[in-house]
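# Structure at a glance
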Amino acid sequence: MTSAASSDRERVVRPKRPRHLSEAMRCETAFRLILSECLEEVATNHEALSSGDPAALHQTRIALTRLKAAVAFYGPMVADAEWTRLKSELKWLSAHLGATRDLDVAIENSKEMPEEQMLRTARADAFEALKEALQSDRYWQWFDGMWDWVGSGPWTARQNRRAAQRRAVPVSVFHARRLARWHGKLCQKSRGLQGMGKNKRHRVRLAGKRLRYAIEFSEGGLPPDEYASWRIVLKHLRKGQQLLGELNDDEVRRALLESADALARRDDERKAKHQRVHERKRKSRLLRRAADIYRKIAE
């Protein structure tokens, strides 16, 4: 990308707009505001991320997780065929980001341990794949497509009455109803947490993370006394996310090490097989030569 194109992109991704939600704000305005902040965060961290900065990687992943949470939060109002396509591309990008981030966390938790160097080597390989993705046309088409969708995607042009009503609902009304619904679902999912398997526990963690972000970007959009009660929930969510996150990091690290061990074993098996083939060929060659010599002796 040329410097001129880069400057144009910078102008596009930093429009002048309100910085916070308000209670009377229309939902379509609030959605654009939240998504724009997420995309700006991605753009801000792009250069550092492309240089391998772990902090920029972490911030980019948070921004994209918030973005997905916002799309899910506004659900029926914004779901359309274009988001389905963009979501598929986001899944591709998130896979690269996640693979590298998981290794960053595993390295941090393996300081001065025998496996640290092995994890660093794997991280270098994962980052090269991520860097290639970040510099690809596919990435920039996704990024520009997101901006186009937020501003003028099919969801903005639906003419039926119900769609228009959804876009016009005040934030204070919609957010209060939606937060209560997500909170209820999380309470149901988290019952019996101690006895859950890792897959169900992971789903609880993701639901908690989505509710946490939804509460955070609801600030200003609810009456102060109502938002104060959500602040208490938010405090507990952050602590819960930290604890479940530590469990998840341990599981990811263990899986990475098991995967690396499996690869090492397969490599050892290939080497052993190659050695056996080499030994058989050498044995055959030596026996053939010896037989020739002993035939000559017998002549």
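Right, let's walk through the structure included here.

Conventions we followed
Residues numbered from 1 in each chain as written. Predicted model: local features only at pLDDT ≥ 70, side-chain atom pairs only at ≥ 80, totals over all residues. Heavy atoms only, no water. Helix = DSSP H or I, 4+ residues; strand = E, 2+ residues; numbered from the N terminus. Buried < 20%, exposed > 50% of the residue type's maximum accessible area, 1.4 Å probe, protein only. Contact = heavy atoms within 4.5 Å. Areas by Shrake-Rupley, 256 points an atom, 1.4 Å probe, with all protein chains shown as cover. Core = buried A, V, L, I, M, F, W, Y, C linked by side-chain atoms within 4.5 Å. Salt bridge = Lys/Arg side-chain N within 4 Å of Asp/Glu carboxyl O.

## Regarding the overall build of the protein chain
- For the protein chain, the helix and strand inventory stands at 10 helices and 0 strands.
- Starting at the N terminus and ending at the C terminus, the protein chain contains elements arranged as α-α-α-α-α-α-α-α-α-α.
- Put simply, the protein chain has 299 residues, and 39% of those count as buried.
- Excluding contacts between residues fewer than 6 apart, the proportion of contacts in the protein chain whose partners are at least 24 apart in sequence is 76%.
- Carbon and sulfur atoms form 52% of the exposed surface of the protein chain, whose accessible area is close to 18,000 Å².

## Digging into the nonpolar core
- The biggest cluster of nonpolar side chains holds 63 residues, and the ones touching the most others in it are F31, L67, Y74, Y139, W142, M146 and W149.
- When contributions to this core are tallied by element, the ones reaching two or more residues are α2 (27-50), α3 (54-74), α4 (81-108), α5 (116-134), α6 (137-152), α8 (171-189), α9 (198-216) and α10 (224-298).
- Core analysis: the second largest hydrophobic core is formed by 6 residues, L103, A106, I107 and L119 among them.

## Considerations on the pattern of salt bridges
- In total, this model carries 11 salt bridges according to the counting rule given.
- With a closest N to O distance of 3.8 Å, E28 and R32 form a salt bridge. Of this pair, E28 and R32 both sit in helix α2, separated by 4 residues, roughly a single helical turn.
- Assessed through its relative accessible area of 25%, R32 is described here as partly exposed.
- The partner of E219 in a salt bridge is R231, with the nearest N and O atoms 3.0 Å apart.

Such coordinate-based values are descriptive only and should not be taken to indicate function.
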